[in-house]
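Next come the chains, spelled out residue by residue.
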Amino acid sequence: HTPSHTPHTFPHPPSHIPPKLSHTCQFQQKQMLKLCQRYGFPGEQHMPSSSEELSHFQRHLIFDDKRKAIFCFVPKVGCTNLKRLMFYMSGRLPLETVDWPWVEDSVYLEPALRHASFLNKTLTEAARTLRLQTYYKFMVVRNPLERIVSGFRDKIEPPLNFAKQNRFPESVKRDILQRFRHTELLYWQQTAKQSLFNISVRFQEFVGYLLESRKANLNEHFLPSMDICHPCLIKYDFYGNFKNISHDAQALIDRFQTNPKFYLDKSLHSSSEETSKHLKHYYGMLSHRDKVRLLGMWYDELLFYYTLYPSERNSHIYLLGINHPVL
């Protein structure tokens, strides 16, 4: 079956928001206002001005003019599936491709992303500002401690691939091993072509790498979502939760009156559940000192997550065995 490339047509965006979503949005916006004011995070009046700062600030924003929507995507928070939803809503992704997990991103997602990205060079700064001020903006969050483990399991834990060692994520693995097991890495590089043994990064080494790296040098998969989506600079209308991704995606589909034939990849749920099962195992590998340091590094991110989802406020105590008077 050959997919149709004819853009889908949709009704105009609704003038109302479903009651449950509206209630959630109001609560989240009040919570975020308190958080940003209480802890002095830069607000809307501190928007970046230089072209370099703007590029960093806007690189994860994608827009849909048809639905008047903006989505900030965060790696390891179901972002590929949610990009598909955005591009499907805008008619840039044929329906037939939505349920094709084997379709190369380069075939459909990357061309759509280039057009819908805030970094699209045809957009003027005034056009970007207008969209930020008037469009419906949303992002999805995930428990930071779960996202760290998910990023490690997916990108870093598999053995280093000699053939791809200069590409992400192999380059990050190589850098970590260079820092923590230089001699072993050197021997592996000399013998890897003979496949004498595999070499993998340990979780405690990965955490050590996070703790010793400047945020500016970290790959986006390992950055806090606050540093990606800037929720105190941008007033988002809705913050979904990866834990409830099906429910929250459906709320967005209802909000935009999108064809209900769009389904999220079922592996999202199994992936989240699988990661959750192993959290205690991974964090149990860390020393008390590194747990304290990790909590300090991701303090703002945990505060952000707990502000939106107070019911999960004690997850760091359960996983790290450390209490914090403010969290």
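Refer to the preceding data block for the structure.
What comes next is a walk through the structure. As the structure is a computational prediction, the values presented were derived from the model and not from experiment.

## Describing the packing of helix 3 (residues 79-89) against helix 5 (residues 109-116)
Remark: helix 3 packs on helix 5, axes separated minimally by 11 Å, with the N-to-C direction vectors making an angle of 70°. Accordingly, the angle class assigned to the pair helix 3 and helix 5 is roughly perpendicular. Here the hand of the crossing between helix 3 and helix 5 comes out left-handed. In this structure, helix 3 uses Thr-80, Lys-83, Arg-84 and Phe-87 to contact helix 5, whose residues at the interface are Leu-109, Ala-112, Leu-113 and Ala-116. Its residues placed into classes, the contact of helix 3 with helix 5 shows 5 nonpolar, 1 polar and 2 charged.

## Notes on the sheet that holds strand 1 (residues 61-64)
The mixed open sheet is built from 4 strands, whose spatial order is 1-2-3-4. The open sheet terminates on both sides in strands that have one partner only, identified here as strand 1 and strand 4 (238-241). For this sheet the average axis-to-axis angle between neighbouring strands, irrespective of direction, equals 25°. As judged from the 4 bridges shared by strand 1 and strand 2 (residues 69-72), these two strands associate in the antiparallel manner. The residue bridging Ile-62 from the neighbouring strand is Phe-71, located in strand 2. Its contacts with the sheet place helix 6 (residues 125-134) against strand 1, strand 2 and strand 3 (136-141), and it is angled at close to 75° to strand 3. Each of strand 3 and strand 4 touches helix 12 (residues 245-255); the most contacted strand, strand 4, lies at about 145° to it.

## Concerning the nonpolar core
By size, the foremost hydrophobic cluster in this structure holds 94 residues, and its most contacted members are Met-139, Phe-203, Phe-206, Tyr-283 and Phe-304. Top element by residues in this core is helix 15 (residues 299-308). It accounts for 7 residues. Discounting residues that sit within four places of it in the chain, Met-139 has contacts with Phe-71, Cys-72, Val-74, Ser-225, Cys-229, Tyr-236, Phe-238, Tyr-239, Gly-240 and Phe-304.

## Here's the deal with unusual backbone geometry
Cis geometry is found at the peptide bond from Phe-168 to Pro-169, where omega equals 5°. Here Pro-169 lies in the loop between helix 7 (144-156) and helix 8 (170-180). Although it is not a glycine, Lys-68 sits at a positive phi angle of roughly 55°. The phi dihedral of His-230 falls on the positive side, at around 50°, and the residue is not glycine. When you line up the elements, His-230 lands in the loop between helix 11 (226-229) and strand 4.

## Some words on the layout of surface pockets
Taken as a whole, the second largest pocket spans an internal volume of roughly 510 Å³. Forming the boundary of the second largest pocket are 23 residues, of which His-56, Met-226, Asp-227, Ile-228 and His-230 lie nearest the centre. Of all the secondary structure elements, the ones that give two or more residues to the lining of the second largest pocket are helix 11 and helix 15. Ranked by residues supplied to the lining of the second largest pocket, first place goes to helix 11 with 3 residues. Considered class by class, the residues forming the lining of the second largest pocket number 13 nonpolar, 4 polar and 6 charged.

Quick notes on the rules
- Residues numbered from 1 in each chain as written.
- Predicted model: local features only at pLDDT ≥ 70, side-chain atom pairs only at ≥ 80, totals over all residues.
- Heavy atoms only, no water.
- Axes fitted to C-alpha atoms, helices over the stretch in contact; angles between N-to-C directions.
- Helix = DSSP H or I, 4+ residues; strand = E, 2+ residues; numbered from the N terminus.
- Parallel < 35°, antiparallel > 145°, perpendicular 65-115°, else oblique.
- Left-handed = near helix turned anticlockwise from the far one by under 90°.
- Contact = heavy atoms within 4.5 Å.
- Nonpolar A, V, L, I, M, F, W, Y, C, P; charged D, E, K, R; others polar.
- Pairing = 2+ DSSP bridges.
- Core = buried A, V, L, I, M, F, W, Y, C linked by side-chain atoms within 4.5 Å.
- Buried < 20%, exposed > 50% of the residue type's maximum accessible area, 1.4 Å probe, protein only.
- 1 Å grid on protein atoms, 1.4 Å probe; cavity = no way out; pocket = protein on both sides within 12 Å on 5 of 7 lines; lining within 4 Å.
- Points joined across faces, edges and corners; volume = space filled by probe spheres on them.

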